[in-house]
Amino acid sequence: MPKKKSSEKAGSGHNLARLTELYNTMTRIRAFEETALTAHKAGEIPGPLHVSIGQEGVAAGVCINLTREDRITSNHRGHGHALAKGAEASRMFLELFGRAGGYCGGKGGSMHIADFSVGMLGANGVVTGGIPIAVGAAQGLKMLKSKAVVVCFFGDGAINRGPFLEGLNWAALYNLPVLFVCEDNGVAAFTATASVTAGPGVMARAASLGVSGVSVDGNDVVAVDAAAAHLLAEVRGGVGPRLLHAKTYRWTGHTSTDAAAWRDPVEVSAAKAGCPIARLKSLLIERGAANVEAIAQAAAGEMTACRSAAHAAPWPDPATAFDDVQDVGAVRHV
Amino acid sequence: MPKKKSSEKAGSGHNLARLTELYNTMTRIRAFEETALTAHKAGEIPGPLHVSIGQEGVAAGVCINLTREDRITSNHRGHGHALAKGAEASRMFLELFGRAGGYCGGKGGSMHIADFSVGMLGANGVVTGGIPIAVGAAQGLKMLKSKAVVVCFFGDGAINRGPFLEGLNWAALYNLPVLFVCEDNGVAAFTATASVTAGPGVMARAASLGVSGVSVDGNDVVAVDAAAAHLLAEVRGGVGPRLLHAKTYRWTGHTSTDAAAWRDPVEVSAAKAGCPIARLKSLLIERGAANVEAIAQAAAGEMTACRSAAHAAPWPDPATAFDDVQDVGAVRHV
Amino acid sequence: MIDVTLVDAGRLAVQQEMRRDPRVWVLGEDVARGGLWGQYRGFLEEFGAERIVSTPISESTIMGAGLGAALVGTRPIIEMRIFDFVMCAMDELVNQIAKIRYMFGGQARPAVVVRMPHGMWRNSAAQHSQMLESWFVHLPGVIVVAPSCAADEAGLMVSAIRSDDPVLFFDPKDLWLAADRMPAGEIQPIPFGKARRLHEGGDLTIVTWSAIVPKVMEAVTLLAAQGVHADVLDLRTLWPWDEAAVLASVKKTKRLLVVHEAVEVGGFGGEIVARVIDQLGTAHVKVARRLGAPRLPIPFSPPLENQIRVTTEKIVAAAMKAARE
Amino acid sequence: MIDVTLVDAGRLAVQQEMRRDPRVWVLGEDVARGGLWGQYRGFLEEFGAERIVSTPISESTIMGAGLGAALVGTRPIIEMRIFDFVMCAMDELVNQIAKIRYMFGGQARPAVVVRMPHGMWRNSAAQHSQMLESWFVHLPGVIVVAPSCAADEAGLMVSAIRSDDPVLFFDPKDLWLAADRMPAGEIQPIPFGKARRLHEGGDLTIVTWSAIVPKVMEAVTLLAAQGVHADVLDLRTLWPWDEAAVLASVKKTKRLLVVHEAVEVGGFGGEIVARVIDQLGTAHVKVARRLGAPRLPIPFSPPLENQIRVTTEKIVAAAMKAARE
Ligand SMILES: Cc1ncc(C[n+]2csc(CCOP(=O)(O)OP(=O)(O)O)c2C)c(N)n1
Ligand SMILES: Cc1ncc(C[n+]2csc(CCOP(=O)(O)OP(=O)(O)O)c2C)c(N)n1
Ligand SMILES: [Mg+2]
Ligand SMILES: [Mg+2]
């Protein structure tokens, strides 16, 4: 049965340093994406851009419980996951801009950011694409006797694709160290997920595949942190996979070019009123934190600088288009 | 919650004619497959052959509740489904033998028998292959305002492939007239299904996808009939899809060339002792049926005759290899 | 003539056929909302939720359910959003749709249209830019359609919907929203297997299709200015393809250049070259060559993408070489 | 030399490499039981259930989990049972494995071997007999291997396991259990991209691979008896392929015949013909032609299967024509 974590209790148990760290991560994600959106609208960023504004609590609350050796897989809306796992904003911006020095040398863009050096095994342009990869990574780590665990982020739209069933069954079967995180923002692209999803939902689906878990208010980062801490402790203990179901809300459209006129404005206002960052900020102020504004300002400043740097950065050498396809049988010219 | 149907009650409610019809179907399936196995061993049937000896109660008990307009989809082990749905044994034998006049003109063989004229939409060589086809057929029938329903047969091994999740969610979502029938013989090819399946099983998986159902002893044909009647009445009533989980046992190996040395002989003997046909026979004799032996003999005679006829039948004209690929863009010669 | 984009042209064709035949319907993600490009705009209002069915993200079942619905007599248009996601539904397409009529000895008629916008769509990177149309030419049981202009999008769509064979319909993503014109009034079906001659010339034959066609035409203008006159055939359908028209043209020009956006290695250009050589003999052909993309995934960054794209300049250079060699 | 089947040869190679490198492991259906053909017989006993992992019927995840496990440094052999089922795992293969290194700018190394027994296997019908190896030549990011004899099965498997690139390894189903011989002792890796010359001759070049090779050799013997001497190259790997060897041979013979079991239309033969014509020019090639199957699904019944199969007689006839024309 899903347990509901109450934020109050967990929050009071949290020390100020941890809350501050969460706040720092969340404001950095927010600033990153707001800056990226502006840059995209200004024509500085090519291709599609999927932002997760409003969902920052999930990435921050989960990843604060991970070590560098732990791995994550992500989906098409992965900036927050990458930043929370420790990827550098500057190299992410370079990648968004398609410049030299970006994480993928300009080959990936927003939808394919990865930083293997911090255990971020990549965003993915295919819905559920990260699920089989995550369970395989966990299987490999187990084989190598590593202590690391894997966190697999996906959206509520992903639970209607076959690999969801296959991957959870697989992880439970081989008792793999995976935390599945369903970021449930209620929509899949432009469609309300409830309108295309039968049955009682992701928790029941997971339970039927042998994966138990916890459902949490994803906009309450303290609750997310507590639930993730609890579940990851279980996963590290070797009990097999677990699921974290985080209910959240996406403030914006599907991509940066989707003005989201189709969204109910009342719903959007309500979500903004319950902003996860504002909620944490109140808590921090209540707990006597002095530097809250400074953190947000630093985040904004950092991202503005990243944007400018990316804008000024050189394009990749066109010849690099031929690199990193394969060692044997690589082509070198048109 | 799964309801268990008790055979005694249902059986007593059955009239002798219906029990006799079930017996006739089951003995015909058994005779068909035993004859086919012998023919295969004698080298008369090319290619792989998957028989369902021991599982006849499921096909018979379900299909007795169908009209000719209802459709079924099947899997790689589909002789019983086809016969129970009304396909002709003679044309099935011709197909097994690869002869002219076979259901597919010799193009399909055992794994691809279909008889659209009786609503048998085909066996399938891909595990879960019939699931999306079944839900789509139901959707089409609904659109055409047909009263027909669709029965989708699959094995316990199929519940670990993605299309199981997708198909059940889909059927529940669009409230489609489908009865899913999981023929659970405990094995998938050569692997005990329990050893590769996490969680509480097919009923829970279906429930999590919004599909409720009934679990039944698949070797008790009277119970299968009663459960299928009940579920199909619901489905015809427009409540959406249902699941029938029929626990059964496959006496033989995966294919006709698998001697099944890997099976526990104690288990096999126990299964044979609980033979679904023998059980029904006892019931019939108890109820005073006079013609039981004659039915079994007639079935054996029919299938022997089908075998001989198939053996003597002409091969298809080799030129027909070029027929029925496509209308436009068809090739006519090598 | 009316001013339309290719999206409009496709929409008008589907709408016309849905009005004509109540068995025609559409299933796919977000289609009730009008589709990703507006190719089904207004359909929910006109045809209702039963004939314009927004589905879960379940590609296997979108494809497979379309097949099942065809088997009972409806005529589904299976919208796959973008071609790359067809990789999630290949069993249903390759093992089921393409083979079911044959395997069952003619009993099944999988009359589906599978709509798969394909190819580059600026800076969408490796998982949203693929062109693998040549794969399906190699797959028995299907028709392969790849239009490059509004009139063909419309006329071939009408044929696709009326076809009893399964039709793989590749909308050209990069041209999808380009301005174009097409005849007003009822859309007439365009037969499969007939190429469209875009330019007459005696110096070389250029065979091409899909999103690259406008670039080829730019190149042809530049070539003409330099005194090289190309015979240009837009194949429009890759299976069946208009071998007769290609052979007739190469007989005249003796020089063949196939231009496609897809990777050159293993692309459909090889098939065309091989057939031409086989049918005409090497003695009657001076040059037979292809121009396609290098064997690389599609990169994201504009200069990288430009580096590997088939450009007008590359087409001019290749055509010049083929004509003069 | 030792007497082995191709199954044995593959087994010995995998065993040798699993002994050498503890990071190598196998996942797939029924593999702990030894695999469908016994290609992993005895592995459970020797390597334990962690390195020979019998999986659920979950092709997407077999493929995708293999990739994930490679990303953390293990070296999986992904056993797909038969090629046709790869259609259930195409997203993981095409959109993930083939592109991940490139998309991520070199960070990922998908060092997997995907094992896919392919082709006819008498009377298994349309869903269990396909050969689509040419598709993967067209797919950037992968190596394509298709051996035809025990020594190649073994030596190429060793190379595949040691490769940091993803290798698609097509075991030839129809030859799988045929008796053959291979060198005793440690199995040496065979480099990718080197053809094997099976016969020397000056009258025409035959390029071939996989299960059809023994039939080609039967034909070559019959041709020799009629005074036609063929240069025969077994490509062994289709990407990279030994273009240099093929060009050298055709330069000598001026006549090329590609023979493959797969459908001729859109098959890899077209690529070979197109490259040869491109590189040598039509003036230096007299004949360039292919022999493959007609564009049909594979039927079940023996006479129908025989009708569409590439047979020794058809090879002889095509070679005769190519040599004499
Ligand atoms: C297999 C596949 N189908 C369709 C798409 C197109 N698509 C991209 S994101 C998306 C919606 C995903 O919804 P969800 O998983 O809830 O993530 P969210 O966008 O809400 O963060 C869709 C349908 C895709 N990328 N991959
Ligand atoms: C997608 C796919 N994977 C693997 C196979 C090979 N295969 C054929 S039958 C079978 C076992 C199926 O088990 P189950 O569904 O329980 O049916 P049963 O054989 O027990 O009747 C397997 C793995 C296949 N046909 N299709
Ligand atoms: Mg969502
Ligand atoms: Mg079973």
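Above this text you will find the structure in question.
Below is a summary of the structure that appears in this document. (Residues numbered from 1 in each chain as written. Chains lettered and ligands numbered in written order. Predicted model: local features only at pLDDT ≥ 70, side-chain atom pairs only at ≥ 80, totals over all residues. Heavy atoms only, no water.)

Comments concerning the environment of P140 of chain C
By the element assignment, P140 of chain C lies in the loop between helix 6 (133–137) and strand 6 (143–145). When the C-alpha atoms of P140 of chain C and V94 of chain C are compared, they prove to be 9.1 Å apart, with 46 residues separating the residues in sequence. Excluding its chain neighbours within four sequence positions, the residues that come into contact with P140 of chain C are V325 and Q326 of chain B, A98 of chain C together with V263, R295, L296 and P297 of chain D. (Helix = DSSP H or I, 4+ residues; strand = E, 2+ residues; numbered from the N terminus. Contact = heavy atoms within 4.5 Å.)

A look at the coordination of the magnesium ion (ligand 3)
Residues and elements named next belong to chain A. Those donors, D156 (OD), N185 (OD1) and V187 (O), are the protein atoms that reach the magnesium ion (ligand 3), and they lie 2.1 Å from it. Binding-site remark: the magnesium ion (ligand 3) is held by donors from one chain whose sequence spacing is D-x28-N-x1-V. Here D156, found in the loop between strand 3 (150–155) and helix 7 (162–173), pairs with N185, found in the loop between strand 4 (178–184) and strand 5 (187–188); they are 29 residues apart in sequence, far enough to count as distant. N185 carries the same exposure label as D156, and that label is buried. (Donors = N, O, S within 2.8 Å, 3.2 Å for Na, K, Ca; no water. Buried < 20%, exposed > 50% of the residue type's maximum accessible area, 1.4 Å probe, protein only.)

Some points on the interface of chain C and chain D
With 51 residues of chain C at the interface, the matching set in chain D holds 50 residues. In this assembly, chain C packs against chain D so that about 4500 Å² is buried in total across both faces, 59% of it on carbon and sulfur atoms. Its largest share of buried area at the contact with chain D, chain C owes to W135, H138 and R295 of chain C, together 19% of the area lost on that side. Where chain C meets chain D, there are 4 salt bridges. Across the pair R290 of chain D and E271 of chain C runs a salt bridge whose closest N-O atoms are separated by 2.6 Å. Between chain C and chain D we count 37 residue pairs in polar contact (both at pLDDT 80 or more) in total. Secondary structure elements with two or more residues in the side of chain C that touches chain D: helix 4 (90–97), helix 5 (100–103), helix 6, strand 13 (255–263), helix 10 (268–280) and strand 14 (287–293) of chain C. The greatest single-element share of the side of chain C that touches chain D, amounting to 7 residues, is contributed by helix 10 of chain C. Split into classes, the residues belonging to the side of chain C that touches chain D amount to 29 nonpolar, 11 polar and 11 charged. (Buried area = accessible area lost by both parts, 1.4 Å probe. Salt bridge = Lys/Arg side-chain N within 4 Å of Asp/Glu carboxyl O. Polar contact = N/O pair within 3.5 Å; in protein donor to acceptor, adjacent residues only side chain to side chain. Nonpolar A, V, L, I, M, F, W, Y, C, P; charged D, E, K, R; others polar.)

What to know about unusual backbone geometry
A cis amide bond, omega -5 degrees, links W239 of chain C with the succeeding residue P240 of chain C. Tracing the backbone through its elements, the reader meets P240 of chain C in the loop between strand 12 (237–239) and helix 9 (243–253). A positive phi angle, near 55 degrees, is found at A189 of chain A, a position not held by glycine. Inspection of the secondary structure assignment puts A189 of chain A in the loop between strand 5 and strand 6 (191–192). With phi around 65 degrees, R236 of chain C is a residue other than glycine that occupies positive phi space. Structurally, the position occupied by R236 of chain C is in the loop between strand 11 (230–234) and strand 12.

Some words on the sheet that holds strand 5 (residues 113–115) of chain C
All names here are of chain C. Sheet architecture is open: 7 strands sit in the order 3-2-4-5-7-6-12, paired in mixed fashion. Every other strand in the sheet has two partners, leaving strand 3 (52–54) and strand 12 as the edge strands with one partner each. Across this sheet, the average inter-strand angle for adjacent strands is 20 degrees, counted without regard to direction. (Pairing = 2+ DSSP bridges. Axes fitted to C-alpha atoms, helices over the stretch in contact; angles between N-to-C directions.)

Looking at the site of ligand 2
The full set close to ligand 2 counts 22 residues, and H76, R77, D156 and G157 of chain B together with E59 of chain D are the nearest of them. Mapping the residues adjacent to ligand 2 onto the chains of the assembly identifies chains B and D. Contact with the protein chains covers 97% of the free accessible surface of ligand 2, which is 580 Å². When its residues are assigned to classes, the shell around ligand 2 shows 9 nonpolar, 6 polar and 7 charged. (Near = heavy atom within 4 Å. Areas by Shrake-Rupley, 256 points an atom, 1.4 Å probe, with all protein chains shown as cover.)

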